[in-house]
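Structural characterization, general
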Amino acid sequence: MAATVKIIEINSSQVLFECPVDQSDFAYEKAAEFEEMGLEIRLIHPSVNESLAQTLGISGDPLEAFEESLSEEIEGHEGSCCFEDSKDKQP
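Described in the following lines is the structure provided in the data block. Fair warning: this is a prediction, and the values are worked out from it, not measured in the lab.

Concerning the sheet that holds strand β1 (residues 4-9)
The sheet built from three strands is open, its strands ordered β2-β1-β3 with antiparallel pairing. Looking at the sheet topology across the chains shown, the edges are occupied by β2 (15-20) and β3 (41-44). Strand after strand, the sheet turns through a mean of 10 degrees between neighbouring axes, direction not considered. Relative to β2, β1 is paired through five bridges, and the arrangement is antiparallel. In the strand pairing of β2, V5 is matched with C19. Its contacts with the sheet place helix α1 (residues 24-36) against β1, β2 and β3, and it is angled at close to 165 degrees to β2.

Quick notes on the rules
- Residues numbered from 1 in each chain as written.
- Predicted model: local features only at pLDDT ≥ 70, side-chain atom pairs only at ≥ 80, totals over all residues.
- Heavy atoms only, no water.
- Pairing = 2+ DSSP bridges.
- Helix = DSSP H or I, 4+ residues; strand = E, 2+ residues; numbered from the N terminus.
- Axes fitted to C-alpha atoms, helices over the stretch in contact; angles between N-to-C directions.
- Contact = heavy atoms within 4.5 Å.

Right, dumping it as structure tokens:
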């Protein structure tokens, strides 16, 4: 299953438009058209991590473990907004 970008009408939750992630520029153009028509929409664009998980076919509990491991990996690297060096802490 390929990752897709979706445009959802907020009030009805109806999918108004859907396309592959590699055509996301077109989805943003369509979103602008829908907004010009006065529709309240939400554009859903999967993250790189979500796209990778979909490509690998990960879902359910393995998906949760995958997302958790990515978060831990990011948080554990210097330069991350969440990185905290214990040496820099003052008592």
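Now that the structure has been shown, we can carry on.
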